[in-house]
Amino acid sequence: MSQKGVTPRGEDYSRWYNDLVQLADLADYAPVRGCMVIKPYGYELWENIKNALDIRFKQTGHKNAYFPLFIPMSFLQKEAEHVEGFAPELAVVTHGGGKELEEPLVVRPTSETVIGHSFSQWIQSHRDLPLLINQWANVVRWELRTRLFLRTTEFLWQEGHTAHATAEEAEAETMQMLDIYADFARNEAAIPVIKGRKSNQEKFAGAEASYTIEGMMGNVWALQAGTSHYLGQNFAKAFDIKYRDENNEQEYCYTTSWGLSTRMIGAIIMAHGDDTGLRLPPRLAPIQVVIVPIFKNEEQKGPVLEAAHRIAETLLTVNIRVHVDARDEKPGFKFNDWEMRGVPLRMEIGPRDVESGTVVLARRDRPGKEGKSTAKQDEIRAAVTRTLTEVQSGLLEQATTFRDAHLHEANSLEELKESIDTEGWALLPYDGSAEAEAKIKEETKASSRCFPLEGGDVEEGTKCAITGRPAVGKAYFARAY
RNA sequence: CGGGGCGUGGCGCAGCUUGGUAGCGCGCACCGUUCGGGUCGGUGAGGUCGUGGGUUCAAAUCCCGCCGCCCCGACCA
């Protein structure tokens, strides 16, 4: 690209986002509308997300499996609300091997139905429960309007599917996975998400209840970064997922599903990115430390590069993801380049450092001089480890401060409007109705994000600020992706 | 699907109004210079102008159709 940097956020947030995705080398547009090519740097980021989640799933007893991409059309139709919800965005295969298929195949938009089919065969007895399965897969939803990572026609995700003997157990699983997502977002991605329950309008098609983690992006819009659904017996009944209890009675299972997608990359970009580029949380960054050697002639080059590689080796011994940038470019160019790519920590090493046994560290979470410090080469492991931890918490802290400054309470449509206008999320007593939500959307373009699990309770007798009917709780309203 | 914009070397664009041998910047290759915040100079490679048709002696340029992409709205992880 000919331009040197991204479009400033204040000028055009959408363009800033698009510029950044491409300039930071995360993804490209694909030949097919709405699809994307995830480039190596973006994919490494996804792999790190994947690993951090997978460990958590395994720790809580889940097993990975894989279910097919194609689903018989009739499966989708077995759950009325489910098919109604997904019908508009299905990709359907009608031909195979040169012949028209007897029954069209749907390219999975999500896998409750095929997995439900398998579950019905796998589960016979209460001894088979709970069944805790996860799959890493691609899914396709024919979206009208797409944006790299945030909403693409095909995307990568994980979808967990579990079956339980009781509603309580399934509900507990739903909440456990929501907690895992929130923990991941906070401690790995450095995004302080709000956990909450979706309104009926925003609920997953076919679920009894949907829960979400909502993150605040740099333009204050909300982004649903992960969801966990309590499906009750809806899919169990549609797919005959039954077990024999201790008394040999046949009972339907209670199921859950939960997912987190490559959209998370969009969340990370928008929660942390600035006008110089990406800012990646060290725990997920493909490259945690980049070493930029500095020299002005051949005599200096040798010792400097030698020191750079020696330090890199040292850092590798403590599993720090380090890269020596030995390209034939000016240091200034490299600084800007790695800042664009969001590398959390830059290490500069030049002739003066070689002389004095030091290096210069520059933190990505603090701009310019403020983020620079000097460290001793023989204490480099400790210095780098400590600084990476500081950058990780620095990003979380900045995101939290930003979020808290934009959370408002509102008790009327007027106050809500004001909150949204002044760029914020509004917490409003709400009856959960479609009617109130439609009214709010019309007036403010904001939608209900969730009834937060913390701070969403209302006293008996509290009325919905829009309809005047009894409120079921306080819900956050915000402009959202 | 409605509104707007755009398709010209790898990328960003000019040229189109008024048809006449395809241009600029970045990037790329090579040489020198520079190197602690996006060096400077030189040389060079690279384009069926999205696509199909039409008008014309002649089309990137005018006319008609089609395709695609981006942005803004209604639906969605």
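Here the structure is a predicted model, which is why all the values come from computation and not from measurement. (Residues numbered from 1 in each chain as written. Chains lettered and ligands numbered in written order. Predicted model: local features only at pLDDT ≥ 70, side-chain atom pairs only at ≥ 80, totals over all residues. Heavy atoms only, no water.)

Counting residues in hydrophobic clusters, the biggest one holds 59 residues, and the most contacted among them are Leu26, Ile49, Phe149, Met264 and Ile269. Counting only domains with at least three residues in this core, you end up with domain 1 (13-272) and domain 2 (289-387). In this structure, Leu26 is in contact with Val21, Val37, Ile38, Lys39, Tyr41, Gly42, Leu45, Phe149, Ile269 and Leu278, ignoring residues within four places of it in sequence. One finds Ile71, Leu76, Phe204 and Phe235 within the second-largest nonpolar core, a separate group that totals 28 residues. (Core = buried A, V, L, I, M, F, W, Y, C linked by side-chain atoms within 4.5 Å. Buried < 20%, exposed > 50% of the residue type's maximum accessible area, 1.4 Å probe, protein only. Domains from an automatic or database assignment. Contact = heavy atoms within 4.5 Å.)

Time to look at the protein's contact with RNA strand B. Close contacts around RNA strand B come from 40 residues, with Arg33, Arg145, Arg151, Gln224 and Arg263 the closest. For RNA strand B, a phosphate oxygen lies 2.8 Å from a polar atom in the side chain of Asn18. Side-chain polar atom of Arg263 to a sugar or linking oxygen of RNA strand B: 2.5 Å apart, as the coordinates give it. Residue assignment for the surface near RNA strand B shows that the elements contributing at least two residues are helix H1 (13-23), helix H10 (331-340), strand E17 (345-349) and helix H11 (351-356). Of the residues forming the surface near RNA strand B, the biggest block, six residues, is contributed by H10. A breakdown of the residues in the surface near RNA strand B according to their chemical character gives 13 nonpolar, nine polar and 18 charged. (Near = heavy atom within 4 Å. Polar contact = N/O pair within 3.5 Å; in protein donor to acceptor, adjacent residues only side chain to side chain. Helix = DSSP H or I, 4+ residues; strand = E, 2+ residues; numbered from the N terminus. Nonpolar A, V, L, I, M, F, W, Y, C, P; charged D, E, K, R; others polar.)

This brings us to the sheet that holds strand E6 (residues 99-107). Spatially, E4-E6-E5 is the arrangement adopted by the three strands of the open sheet, whose pairing is antiparallel. A strand with exactly one partner marks an edge of an open sheet, and here the two such strands are strand E4 (70-72) and strand E5 (91-96). Recorded for the sheet is a direction-independent mean angle of 50° between the axes of neighbouring strands. Here E4 runs beside E6; their pairing, made up of three bridges, is antiparallel. Residue pairing for E6: Phe70 is matched across the bridge by Val107. (Pairing = 2+ DSSP bridges. Axes fitted to C-alpha atoms, helices over the stretch in contact; angles between N-to-C directions.)

With that settled, consider the pattern of salt bridges. Counted by the stated rule, this structure contains 29 salt bridges. Between Asp183 and Arg56 there is a salt bridge, and its shortest N-O distance comes to 2.9 Å. Here Asp183 is found in helix H6 (residues 167-187), whereas its partner Arg56 is found in helix H2 (residues 40-59), with 127 residues between them in sequence. Here Asp183 falls in the partly exposed class, since its relative accessible area comes to 32%. Two residues, Arg363 and Asp365, come together in a salt bridge whose shortest N-O distance is 2.6 Å. Each member of the pair, Arg363 together with Asp365, is buried. (Salt bridge = Lys/Arg side-chain N within 4 Å of Asp/Glu carboxyl O.)

What follows concerns the environment of Glu208. Considering the arrangement of structural elements, one finds Glu208 in the loop between strand E9 (194-197) and strand E10 (209-216). Taking the C-alpha atoms as reference points, Glu208 and Thr256, 48 residues apart in sequence, are found 9.7 Å from one another. Of the polar contacts made by the side chain of Glu208, one reaches the side chain of Asn234; its length is 3.2 Å.

Bringing the packing of aromatic side chains into the picture now. Tallying each qualifying case throughout the model produces 13 aromatic pairs. A ring pair is formed by Trp46 and Trp136, whose centres lie 5.9 Å apart and whose planes are at 75°; its orientation type is edge-to-face. In this pair, Trp46 is assigned in helix H2 and Trp136 in strand E7 (residues 131-140), connecting sequence segments 90 residues apart. Each member of the pair Trp46 and Trp136 is classed as buried. In textbook terms, an aromatic cluster arises when at least three aromatic residues are bridged by ring pairs, as seen for Trp46, Phe57, Trp136 and Trp258. Against the face of Trp16 rests Arg9, its NZ or CZ located 5.9 Å from the ring centre. It is Arg346 that lies over the ring of Phe335; its NZ or CZ is 4.0 Å from the centre. (Phe/Tyr/Trp six-rings, centres within 6.5 Å; stacked < 30°, edge-to-face > 60°. Lys NZ or Arg CZ within 6 Å of the ring centre and 35° of its normal.)

As a further point, take the sheet that holds E17. Within the open sheet, the five strands sit side by side as E16-E15-E17-E18-E19. Their pairing is mixed. Looking at which strands have only one partner, the edges of the open sheet turn out to be strand E16 (322-324) and strand E19 (372-376). When the angles between neighbouring strand axes are averaged without regard to direction, this sheet yields 25°. The sheet contact formed by E17 and strand E18 (residues 358-363) spans four bridges and is antiparallel. The residue bridging Arg346 from the neighbouring strand is Ala362, located in E18. The sheet contacts of helix H12 (residues 380-405) involve strand E15 (289-293), E17, E18 and E19, and relative to E18 the element is tilted by about 10°.

Any functional reading would require information beyond the geometric quantities listed.
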